[in-house]
Amino acid sequence: MAGTGITPMIQALHAILGEGPEEQKSETDEVILLYGSRNKNDILGGDMLEKWASCHEGKFKHIDVLSHEPKDSDYTGERGFIDEEKIQKYFPPASLGDDVIIFVCGPPIMYDFLCGPRNEKEVSGILGKLGYTSSQVFKF
């Protein structure tokens, strides 16, 4: 996810982490959010995401990936783009089947790179290369 794609993810996280109405609570075991931004000042909702990660340790992990953070910054997290290496590092493998669900949300170029155009059900890009299927990847 990148850019302002965080908005629909915040809504999903409310339900998954039990922040919503009881009838909407999720039985999801673990959520990993790879959140792409240009620099640390562009991270929308960063404080809230950090708080959720702290309150839901073991269930929710939030990883920022910054593409244009100055090299002399005190930022110690992931740099660059959400790429094959980071997906393999943080996400469970596609071989786990329907227990793995990936939501992709962001600008069109990100869809093209990660999973193929938003209006196409077929999964291509990096996620397709890694074996994720259309039953595992949802394009918002």
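Here, every reference points to the structure presented above.
All figures in this text were calculated on a predicted structure; none of them were measured in a lab.

Can you help me understand the pairing of strand β1 (residues 31-37) in this one?
Within a regular strand, side chains alternate between the sheet's two faces. Among the 7 residues of β1, 6 are classified as buried, and the element is accordingly described as predominantly covered. Pairing between β1 and strand β2 (residues 60-66): 7 bridges, direction parallel. Its bridge partner lying in β2, Ser37 is registered against Leu66. Between the parallel elements β1 and β2, the chain passes through helix α2 (residues 46-55) in a crossover that is right-handed.

Would you mind going over helix α1 (residues 6-16) with me for this structure?
Along an α-helix, a turn takes 3.6 residues, which lines up residues three or four apart on a common side. Among the residues of α1, those classed as buried are Ile6, Met9, Ile10, Leu13 and Ile16. Along the axis of α1, the buried residues cluster in a sector spanning 130 degrees; they form a single face. Elements in contact with the buried residues of α1: β1, α2, β2 and β4 (102-104). Gly18 lies just past α1 and shows a positive phi near 85 degrees.

Looking at this structure, how should I read the state of the cysteines?
Between two cysteines, a covalent bond joining their sulfur atoms is known as a disulfide. Applying the stated criterion across every chain yields a total of 0 disulfides. Of all cysteine sulfurs, the one in Cys115 lies closest to Cys105, which takes part in no disulfide; the gap is 10 Å.

Mind showing me how you'd approach the environment of Asn39 here?
Looking at the element boundaries, Asn39 is found in the loop between β1 and α2. For Asn39 and Pro93, which are 54 residues apart along the polypeptide, the C-alpha to C-alpha distance reads 28 Å. Residues contacting Asn39, with those up to four places away along its chain left out, are Leu66, His68 and Glu69. Within the local environment of Asn39, its side chain forms a polar contact with the backbone nitrogen of Asn41, the two atoms lying 2.9 Å apart.

Cut-offs and rules
- Residues numbered from 1 in each chain as written.
- Predicted model: local features only at pLDDT ≥ 70, side-chain atom pairs only at ≥ 80, totals over all residues.
- Heavy atoms only, no water.
- Buried < 20%, exposed > 50% of the residue type's maximum accessible area, 1.4 Å probe, protein only.
- Helix = DSSP H or I, 4+ residues; strand = E, 2+ residues; numbered from the N terminus.
- Pairing = 2+ DSSP bridges.
- Right-handed = clockwise from strand over helix to strand, strands pointing away.
- Arc of directions from axis to C-beta.
- Contact = heavy atoms within 4.5 Å.
- Disulfide = S-S within 2.5 Å.
- Polar contact = N/O pair within 3.5 Å; in protein donor to acceptor, adjacent residues only side chain to side chain.

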